[in-house]
Amino acid sequence: MNQKPSRKQQILESLASELERNPGERITTAVLARSVGVSEAALYRHFASKAKMFEGLIGFAEESVFARINQILEGEKETRARCARLLYLLLVFSERNPGITRVLLGDALIGETGRLHLRVEQFFARLETQLRQVLRESRMRDGHVCVDAESGAALMLSLIEGRMHQFLRTRFKVSPAAGWEAQWAILERALFQPAG
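Small disclaimer: the values here were computed from a predicted structure and weren't measured.

I keep staring at unusual backbone geometry and nothing clicks. Help me out?
A positive phi angle, close to 55°, is found at Arg 171, a residue other than glycine. Mapped onto the elements of the fold, Arg 171 is located in the loop between α8 (149-169) and α9 (180-192). Unusually for a residue other than glycine, Phe 172 sits at a positive phi of about 70°. Topologically, Phe 172 is positioned in the loop between α8 and α9.

Got a minute to help me understand α9 in this structure?
An α-helical turn contains 3.6 residues, so a residue and the one three or four places further along point in the same direction. With 13 residues, α9 extends 17 Å from end C-alpha to end C-alpha; this agrees with the ideal 18 Å at 1.5 Å per step. If you check which residues of α9 are buried, you get Trp 180, Trp 184, Leu 187, Leu 191 and Phe 192. Buried residues of α9, seen end-on, are gathered within an arc of 105° and therefore sit on one face of the element. In α9, the exposed positions angled more than 90 degrees off the buried face are occupied by Ala 182 and Ile 186.

I tried to follow the nonpolar core on my own but got confused; where do I start?
Where a protein is soluble and globular, its nonpolar side chains tend to be buried together. In this structure, Phe 124 and Leu 127 are the most contacted members of the largest nonpolar core, which totals 61 residues. Broken down by element, this core gets its largest block of residues, eleven residues, from helix α4 (residues 50-75). In contact with Phe 124, not counting residues within four places along its chain, are Leu 104, Leu 105, Leu 157, Glu 161 and Met 164.

What should I look at first to understand helix α5 (residues 79-96) in this one?
Its 18 residues place the ends of α5 26 Å apart at the C-alpha level, agreeing with the 26 Å of an ideal helix rising 1.5 Å per residue. For α5, the full list of buried residues reads Thr 79, Arg 82, Cys 83, Ala 84, Leu 86, Leu 87, Leu 89, Leu 90, Leu 91, Val 92, Phe 93 and Ser 94.

I keep staring at the packing of helix α1 (residues 7-21) against helix α2 (residues 29-36) and nothing clicks. Help me out?
Packed helix pairs are specified by the crossing angle of their axes together with the interaxial distance, meaning the distance between the axes. Direction vectors running N to C along α1 and α2 enclose 115°, while the axes themselves pass 9 Å from each other. At the point where α1 passes α2, the crossing takes the right-handed sense. Here Arg 7, Gln 10, Ile 11, Ser 14, Leu 15, Glu 18 and Arg 21 of α1 come into contact with α2, specifically with Val 31, Leu 32, Ser 35 and Val 36. Grouping the constituent residues of the contact of α1 with α2 by class yields five nonpolar, three polar and three charged.

When you look at the pattern of salt bridges in this model, what are you seeing that I'm missing?
Under the defined criterion, the tally for this structure stands at eleven salt bridges. We note a salt bridge from Glu 128 to Arg 132, for which the minimum N-O separation is 3.8 Å. Taken together, the positions of Glu 128 and Arg 132, both in helix α7 (residues 114-142) and four residues apart, correspond to about one turn of that helix. Where salt bridges share partners, they join Arg 26, Lys 50 and Glu 112 into one cluster.

Honestly, the confidence of the model for the chain in this entry has me stumped. Any pointers?
Low pLDDT marks regions whose predicted coordinates should not be analysed in detail. Scored by pLDDT, the chain comes out at a mean of 92, with 94% of its residues at no less than 70. Model confidence for the chain, summarised as mean pLDDT per element, is weakest for α7 at 91 and strongest for helix α6 (residues 98-104) at 97.

Mind showing me how you'd approach the side chain of Ser 138 here?
Following the sequence through the fold, Ser 138 ends up in helix α7. A polar side-chain atom of Ser 138 sits 2.9 Å from a polar atom in the side chain of Thr 79.

Quick question: what am I supposed to make of the packing of α4 against α5 here?
As a packed pair, α4 and α5 sit with axes 10 Å apart at the nearest point and diverge in direction by 155°. With respect to their mutual orientation, α4 and α5 come out roughly antiparallel. Relative to α5, α4 is oriented so that their crossing is right-handed. Seen from α4, the contacting residues are Phe 60, Ala 61, Ser 64, Val 65, Arg 68, Ile 69, Ile 72 and Leu 73; seen from α5, they are Arg 82, Arg 85, Leu 86, Leu 89, Leu 90 and Phe 93. Among the residues making up the contact of α4 with α5, the classes are represented as ten nonpolar, one polar and three charged.

What counts and what doesn't
Residues numbered from 1 in each chain as written. Predicted model: local features only at pLDDT ≥ 70, side-chain atom pairs only at ≥ 80, totals over all residues. Heavy atoms only, no water. Helix = DSSP H or I, 4+ residues; strand = E, 2+ residues; numbered from the N terminus. Expected span 1.5 Å × (residues − 1). Buried < 20%, exposed > 50% of the residue type's maximum accessible area, 1.4 Å probe, protein only. Arc of directions from axis to C-beta. Core = buried A, V, L, I, M, F, W, Y, C linked by side-chain atoms within 4.5 Å. Contact = heavy atoms within 4.5 Å. Axes fitted to C-alpha atoms, helices over the stretch in contact; angles between N-to-C directions. Left-handed = near helix turned anticlockwise from the far one by under 90°. Nonpolar A, V, L, I, M, F, W, Y, C, P; charged D, E, K, R; others polar. Salt bridge = Lys/Arg side-chain N within 4 Å of Asp/Glu carboxyl O. pLDDT = per-residue confidence, 0-100. Polar contact = N/O pair within 3.5 Å; in protein donor to acceptor, adjacent residues only side chain to side chain. Parallel < 35°, antiparallel > 145°, perpendicular 65-115°, else oblique.

Encoded structure:
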């Protein structure tokens, strides 16, 4: 038997859907309330502010992405495969959650509190730290990484953020995962093959 989602969950799902349906537009609480089928006052019974709703979406992204990253790290010990799977995870998460992608890239947060922007910065900083750690562990374990961990992690994250921005810029028409295998092959050579 399927459980009906809680009202809080319905509100967050509706917010994510509205962000996806209306790229580039601000979502008002009036629009969101109509989408959920409740009054604006009912929204505020579940969330103290629209900022709290955005925090809920960021929290969902953090929980989903980092729980899956932990599973990848536990199940995969080879550095190249770890990096490939982590990056692909981020692209697929973005593709499956266009509304949340708008939040993570700051597009939906224009005019919102600085606290939300800080949460998003922390999300990406945590991703970069995780990638850096994977590269450092590899260097200590088997010495196969050919770039320094800071540069390698920054490069990987920049590529992923660029793919996410392209997805947003094209109003979700160009999948962030499109052509990924070919791009990963180039990146993998740059990160793991000796120079010369």
